[in-house]
Amino acid sequence: AKSLGKNTFVAFKREMTVATQRRVAMERDLRKAIDRGELDVYYQPQFDCATGVLVGAEALVRWLHPEKGFIAPADFIPVAEECGLISHIGLWVLGRACRDATRWPGRDTAPLTVAVNVSARQLRDPAFIDRVSEVLQSSGLPPAQLELELTESLLMEDVDTAVAFMHAIRGLGIKLSIDDFGTGYSSLAYLQTFPINKLKIDQSFVRQLPSERFEIANAIISLAHGFGLRVIAEGVESPEQLAWLQHAGCDVVQGYLFARPMDRVALQSLMTPVQSA
Ligand code: C2E
Ligand code: CA
Ligand code: CA
Ligand code: CA
């Protein structure tokens, strides 16, 4: 048993080293990724739940590594957050998203919003608000067409700073939504304090619809409406889920049932027929 324990420890140490090396390699590659043009922004369309009209899209970063191929954001965003590169990447995504969104058609009739994800690390950067303001100005995108998605855990890390940040963002005319709502630990009382526009029901709750468990999705929809907020469901994959959400009064839907994340060219060709129909 003694030698087995020792071998296990050696194997564990070797695995740690491999994991660390891979992390260091990824960080090095990530630093070059933007300059080399390996990062891209994809868009997943969002639709009015009742009418099916296109209302906006969420910007999702993509990394096409020259040797390793496609690397999922779930694999490199945490690394970028840890080493601080997320501020640089996040700002780049924001810039691209704002510039792309200025070219979206039909803006005069019903403005299409672009939703951009923001990490905790970005929020801690005191210059973030100024950078966002600069990006808006240089892109020319009307602020009301930009929405930032913040996660609950991010907001709960430092509530006072988060609230101040949110007021500054709203002061610029930008919209705010809470992403993955219901998965974190935020107190409901904070919904009174947070100057937000929208709650996003996490896909783990949408997945359980319509028959399994619907209590949480139901509660989030009533909660949002009780606070005068809009509510969006993400990860909608089946017509049954959509029917349930329509019945429950959800405002906006996003998911594979309607469209997968796509590049900006594909998004524009999807927009044109919808807008002119
Ligand atoms: P998220 O913000 O919760 O984004 C939703 C994720 O669900 C996306 O994965 C999207 O492709 C996926 N999805 C959409 N519809 C469906 C569906 O019907 N079924 C299923 N099973 N999945 C669906 P993706 O693009 O891989 O992004 C993963 C996460 O990476 C995002 O989760 C977000 O937290 C993060 N992320 C992506 N882009 C950025 C970014 O620019 N900045 C930051 N900070 N985080 C980002
Ligand atoms: Ca999101
Ligand atoms: Ca989400
Ligand atoms: Ca998520």
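All chains use their own residue numbering, which begins from 1 and follows the written sequence. Lettering of chains starts at A and numbering of ligands starts at 1, both following the order in which they are written. Two thresholds apply to this predicted model, a pLDDT of at least 70 for residue-level local features and 80 or more for giving and counting side-chain atom pairs, whereas whole-chain, interface and lining totals are computed over all residues. As a rule here, side-chain values cover all heavy atoms of the structure and leave hydrogens and water aside.

The chain is annotated in an unreviewed UniProt entry as Diguanylate cyclase (GGDEF)-like protein of Pigmentiphaga litoralis.

Below, the discussion takes up the pattern of salt bridges. One side-chain nitrogen of Lys or Arg within 4 Å of one carboxyl oxygen of Asp or Glu is enough to make a salt bridge. Taken as a whole, this structure holds 16 salt bridges when the rule is applied. With its nearest N and O atoms 3.1 Å apart, the salt bridge here joins R36 to E38. Put simply, E58 and K200 hold a salt bridge, and the shortest N to O gap is 2.8 Å. Note that E58 is positioned in strand β2 (residues 54–65) and K200 in strand β7 (residues 198–201), a separation of 142 residues in sequence. Pair check on accessibility: E58 and K200 agree, each one buried. Among the charged side chains, a salt-bridge network with shared partners connects D40, R96, D100, R103 and R264. Strands are runs of DSSP state E lasting at least 2 residues, helices are runs of H or I lasting at least 4, and numbering of each runs from the N terminus. Remark: exposure states derive from per-residue accessible area (1.4 Å probe, protein chains only) relative to the maximum for the residue type, with buried under 20%, exposed over 50%, and partly exposed in between.

Glancing now at the coordination of the calcium ion (ligand 2). Note on metal geometry: ideal angles are 109.5 degrees for four donors arranged tetrahedrally and 90 or 180 degrees for six donors arranged octahedrally. Bound to the calcium ion (ligand 2) are the protein donor atoms E58 (OE), N117 (OD1), E149 (OE) and D179 (OD), situated 2.2 to 2.3 Å from the metal. Between the calcium ion (ligand 2) and the calcium ion (ligand 3), a spacing of 3.9 Å is present, and a bridge between the two is formed by D179. In this pair, N117 is assigned in strand β4 (residues 113–117) and D179 in strand β6 (residues 175–181), connecting sequence segments 62 residues apart. Residue classification places D179 among the buried residues on the basis of a relative accessible area of 7%. A donor here means an N, O or S atom no more than 2.8 Å from the metal, or no more than 3.2 Å when the metal is Na, K or Ca. Since water is not included, a site may seem to lack partners.

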